[in-house]
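This is what each chain is made of:
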Amino acid sequence: MSSFIVYPAIDIRNGKCVRLLQGDYNQETVYGDSPLDMAKSWEEQGGEFIHLVDLDGAKAGHPVNVDIIGSIAAGVNVPVQVGGGLRTLEDVEKLLSLGVSRVIIGTAAINDREFTENVLAKYGDKVAIGIDARNGYVATHGWLNTSEVLATDLAKELASKGAETFIYTDISRDGMMQGPNVEGILAMAQASGKSVIASGGVTIQDDLFRLSAHKNSGIGGAIVGKALYTGNIKLAEALAALK
């Protein structure tokens, strides 16, 4: 029986816990001054794995909120995965040395194949490939650019290079509270033959049921952000209902 993990998301910008609408840095809502307190709160409510995004890092092209990430990795007893601006082996190793369980390679998976393949060869299951798509095509640089690469093609190719986990974001659904693109996520799982974590669009508890119904077809979990912060989804309740 495959498991389905709910990943509470903490997006860090200027040291605070925020959410951006559609990845737009000008449309920010601050949800808390302490990402560490937020992480502990999600753990207390039953969160089994915390998802962190270094938004400043995504923009800068290298990790920025390293101290905060380190404090969270040390301060909770559940695994933590981190994305945002990882472009070098040194940056990946720095985060892993802080106790981060899994790093997420996003833009670099398209732009720097050599780096991506090196990281996969060296760290395999400690790496997730974050694929953000707009109309099925991969978007990069914090969603500012759309490439001519199909998300499913990239997944298939990187799975052959050792990627075990993918995080798929349908940009059109992110933060819009419209429900996840289940078909797109399943297509990624089928193309790659690997576990795909859904990101973007999870709005109500029923969305988690819709996704977890496909856990034996490769949908390994869902990242939930805005819906937790608005109270649309109560983490402890959702986890109990999914069991």
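This one's a predicted model, so the numbers in the text were calculated from it and none came from an experiment. All residue numbers refer to position in the chain's written sequence, counted from 1. Where local features are concerned, this predicted model is filtered to residues with pLDDT of at least 70; where side-chain atom pairs are given and counted, the filter is 80 or more; whole-chain, interface and lining totals use all residues. Side-chain figures throughout are based on the complete set of non-hydrogen atoms in the structure, without hydrogens or water.

A. Representation of the UniProt feature "active site" (unreviewed entry) in the chain in the model. UniProt marks Asp11 and Asp132 with the feature "active site" (unreviewed entry), using the numbering shown here. One can find Asp11 in strand β1 (residues 5–13). With a relative accessible area of 9%, Asp11 lands in the buried category. In this structure, Asp11 is in contact with Lys16, Cys17, Val18, Arg19, Val53 and Leu55, ignoring residues within four places of it in sequence. The numbering of helices and of strands both runs from the N terminus, where a helix is a DSSP run of H or I of at least 4 residues and a strand a run of E of at least 2. Tracing the backbone shows Asp132 in strand β7 (residues 127–134). UniProt positions are given in the numbering used here, feature names are shortened, and annotations may be inferred rather than shown by experiment. Three exposure classes are used, based on accessible area relative to the maximum for each residue type with a 1.4 Å probe and protein chains only: buried under 20%, partly exposed in between, and exposed over 50%. Working rule for contacts: check all heavy atoms of both residues, and any pair within 4.5 Å makes them a contact.

B. How the structure looks around helix α9 (residues 205–212). Here α9 has its buried residues at Asp207, Leu208, Leu211 and Ser212. All buried residues of α9 project into a common sector of 130 degrees when viewed along the axis, lining one side. In the core, the buried residues of α9 are packed alongside β1, α8 (182–192), β11 (195–199), β12 (219–224) and α11 (235–242). Here, the arc refers to the directions that run from the helix axis to the C-beta atoms.

C. Spotlight on the packing of α9 against α11. Every axis in this analysis is a line fitted to C-alpha atoms, fitted for helices over the stretch in contact. Angles between the N-to-C directions lie between 0 and 180 degrees. Relative orientation of the contacting elements α9 and α11 amounts to 35 degrees, with a least axis distance of 10 Å. Crossing handedness for the pair α9 and α11: right-handed. Each of Gln205, Leu208, Phe209 and Ser212 in α9 lies in contact with α11, whose residues at this interface are Glu237, Ala238, Ala241 and Leu242. For the contact of α9 with α11, the per-class residue count stands at five nonpolar, two polar and one charged. Note on convention: near helix rotated counterclockwise from far helix by under a right angle means a left-handed crossing. Clockwise means right-handed. Residues are grouped as follows: Ala, Val, Leu, Ile, Met, Phe, Trp, Tyr, Cys and Pro are nonpolar; Asp, Glu, Lys and Arg are charged; every other residue, Gly included, is polar.

D. Here's a closer look at the pairing of strand β10 (residues 165–170). Burial analysis of β10 places six of its six residues in the buried class, which makes it a mostly covered element. Across the two faces of β10 the burial is the same, with Thr165, Ile167 and Thr169 and Phe166, Tyr168 and Asp170 all buried. Note: two strands are recorded as paired if DSSP finds a minimum of 2 bridges between them. Note that β7 and β10 share six bridges and pair parallel. What sits directly across from Ile131, in β10, is Tyr168. Pairing of β10 with β11, which is carried by five bridges, proceeds in the parallel orientation. The residue bridging Ile167 from the neighbouring strand is Ile197, located in β11.

E. Examining the packing of helix α4 (residues 89–97) against helix α6 (residues 113–123) more closely. Orientation of α4 relative to α6, taken along the N-to-C sense of each, is 35 degrees, at an axis distance of 10 Å. The two elements α4 and α6 cross, and the hand of that crossing is right-handed. Facing Leu89, Val92, Glu93 and Leu96 of α4, the residues of α6 in contact are Phe115, Val119, Lys122 and Tyr123. Its residues assigned to classes, the contact of α4 with α6 shows six nonpolar, no polar and two charged.

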